[in-house]
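Residue-level listing of the chains:
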Amino acid sequence: MNTNDFNYLVECATKAPSGHNTQPWKFEKIQDGIIIHPDFTRALPIVDSDNHALYISLGCALENLVIAASKIGYKSIVDYPNNPNASITIELHPSDEINPSEEELFDFIKSRQVNRSKYSEKIVNNTELERLRNCFNYDGISLVLLNGKENFEKVIPLIIEANNIQFQNKLFVNELTDWFRYSKAEAEKTKDGLWTATMGLPSMWRFIGNFVMKNIVSAKSEAKRINEILQHTAGIAIFFSEKNDVTSWINVGRAFQRFGLTATKLSICHAHLNMPCEEISVRQKLANLLELEDKHPLLLIRYGYAEKMPYSFRRNIEDVTVN
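As the structure is a computational prediction, the values presented were derived from the model and not from experiment.

## A closer look at empty space enclosed by the protein
Following the criterion strictly, the structure yields one cavity of 30 Å³ or more and no others. Of the pockets and cavities examined, the largest cavity occupies roughly 60 Å³. Taken together, Gly19, Thr22, Pro24, Arg42, Ala43, Leu44, Asp48, Ala53, Leu54 and Ser57 form the lining of the largest cavity. For the lining of the largest cavity, the class distribution of residues is five nonpolar, three polar and two charged.

## Quick notes on the sheet that holds strand β1 (residues 25-30)
Pairing is mixed across the open sheet formed by five strands, whose spatial order is β3-β4-β2-β1-β11. Either end of the sheet is taken by a strand with one partner, and the two such strands are β3 (74-79) and β11 (321-322). In the packing of helix α2 (residues 52-71) onto the sheet, the strands contacted are β1, β2 (33-38), β3 and β4 (88-94), and the crossing angle to β2 comes to about 165°.

## As for the nonpolar core
If you look at the biggest cluster of nonpolar residues, it comprises 59 residues, and the most contacted ones within it are Phe27, Ile36, Phe239, Phe259 and Tyr303. In terms of residue count, α2 provides more of this core than any other element does, twelve residues in total. Residue contacts for Phe259: discarding those within four places in its chain leaves Leu132, Cys135, Leu143, Leu145, Ala237, Phe239, His270, Ile301 and Tyr303. Phe152, Val155, Phe240 and Cys277 belong to the second largest nonpolar core, which has 22 residues in total.

## Notes on the sheet that holds strand β8 (residues 235-241)
Spatial ordering of the open sheet is given by β5-β8-β10-β9, a layout of four strands whose pairing is antiparallel. This sheet does not close on itself; its edge strands, each paired only once, are β5 (141-147) and β9 (269-272). Here the average twist between neighbouring strands, direction ignored, is 25°.

## Observations regarding the pattern of salt bridges
Considering all chains together, one arrives at twelve salt bridges under this definition. Of the charged contacts in the structure, one is a salt bridge between Arg254 and Glu63, with a shortest N-O distance of 2.6 Å. With Arg254 in helix α11 (residues 246-265) and Glu63 in helix α2, the pair connects residues that are 191 residues apart, well separated along the chain. Judged on exposure class, the residue Arg254 and its partner Glu63 are both buried. Here Glu104 and Lys265 are joined by a salt bridge, their closest N and O atoms 3.0 Å apart. Placement of the pair is Glu104 in helix α3 (residues 100-106) and Lys265 in helix α11, with a sequence separation of 161 residues. Judged by relative accessible area, Glu104 falls into the partly exposed class, the value being 37%. Under the relative-accessibility criterion, Lys265 is labelled partly exposed at 31%. Each of Arg42, Arg181 and Asp192 takes part in one network of salt bridges that share partners.

## What about the packing of helix α6 (residues 156-167) against helix α10 (residues 219-231)?
In contact at an axis separation of 9 Å, α6 and α10 are set at 150° when each is read in the N-to-C sense. Put simply, α6 runs roughly antiparallel to α10. Considering only the axes of α6 and α10, their crossing is right-handed. Judged by residue contacts, Ile156, Ile159, Ile160, Asn163, Asn164 and Phe167 of α6 engage Ala219, Glu222, Ala223, Ile226, Asn227 and Leu230 from α10. Residue composition of the contact of α6 with α10, grouped by class: eight nonpolar, three polar and one charged.

## A word on the side chain of Asp5
For Asp5, the position within the fold is in helix α1 (residues 3-13). Here Asp5 sits buried without a salt bridge, and the closest side chain of opposite charge, Lys29, lies 9.3 Å off (N-O distance). Among the polar contacts made by the side chain of Asp5, one reaches the side chain of Tyr74 at a distance of 2.7 Å. Discounting residues that sit within four places of it in the chain, Asp5 has contacts with Ile72 and Tyr74.

## Some words on unusual backbone geometry
One non-glycine residue, Asn21, lies in the positive phi region at around 55°. Relative to the elements of secondary structure, Asn21 occurs in the loop between α1 and β1. Phi is positive for Lys191, which is not a glycine, with a value near 60°. Along the chain, the position of Lys191 falls in the loop between α8 (184-190) and β7 (194-195).

Basis of the calculations
- Residues numbered from 1 in each chain as written.
- Predicted model: local features only at pLDDT ≥ 70, side-chain atom pairs only at ≥ 80, totals over all residues.
- Heavy atoms only, no water.
- 1 Å grid on protein atoms, 1.4 Å probe; cavity = no way out; pocket = protein on both sides within 12 Å on 5 of 7 lines; lining within 4 Å.
- Points joined across faces, edges and corners; volume = space filled by probe spheres on them.
- Nonpolar A, V, L, I, M, F, W, Y, C, P; charged D, E, K, R; others polar.
- Pairing = 2+ DSSP bridges.
- Helix = DSSP H or I, 4+ residues; strand = E, 2+ residues; numbered from the N terminus.
- Contact = heavy atoms within 4.5 Å.
- Axes fitted to C-alpha atoms, helices over the stretch in contact; angles between N-to-C directions.
- Core = buried A, V, L, I, M, F, W, Y, C linked by side-chain atoms within 4.5 Å.
- Buried < 20%, exposed > 50% of the residue type's maximum accessible area, 1.4 Å probe, protein only.
- Salt bridge = Lys/Arg side-chain N within 4 Å of Asp/Glu carboxyl O.
- Parallel < 35°, antiparallel > 145°, perpendicular 65-115°, else oblique.
- Left-handed = near helix turned anticlockwise from the far one by under 90°.
- Lys, Arg positive; Asp, Glu negative; His and termini not counted.
- Polar contact = N/O pair within 3.5 Å; in protein donor to acceptor, adjacent residues only side chain to side chain.

So, in structure tokens, the structure goes:
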């Protein structure tokens, strides 16, 4: 693999989503492939204490990389890490075979985005639901689609419960605000984090934004905002794993990335609403509610139809690669 191919694959991989847009990855070129290293300097120790969400993010990047590699003539063989501190190794071998399912998703790697705006009330039809439901095939990973408010209404109290736990925790709020980028200039400088424009919020000075987040925004006000968002949501997608280990976390990320790319192809937007999966006590309630007590709900996504929002930034290639 030459340097140009490596740089191109890294560029595609980094279009993946990550918690708070932390981009917790480093890419290393090796003789016959690429290693994706977790970057624990970008971990979220409060909201993601076991790093499961970090590895979900790496799985999203991995899926983009595998899809892009197939497009430019490589077959990928993935070696999964066996502990939560290890890296993912991808062997890349020249190949003339093209996977049709990857070919059709490749064109949407750069246009996919997490869209945090209010969605329309248009419901996703059954044909498109089936395409979303069948867009991945990873052992031990399953997807529950709750289409229409009447089907996901029972989940709303758990979303609010988890939200309340988080916003009553000052450490959570401090961690969240550390990753807010309150102006375009700030977002362009760091090329990471949660740029307020991507959430439909106005630009402001950092000291004003921090004051608002820490003194005005509350569990109650966030609950109100979430309830309003859910009034304009077509449905909720919940990703489950049979095991709660690093391989499962990565495969949840891979499955979610295929979901996001497929949704983009269908002009369906998506965004994280993951609080019930982040709070362990609520996570178990969610599994019980859906009668999936033997599985682990690790990712909760809302989906629907909306206009495009500004895209979040990604760091330069020299900042995400190992020399």
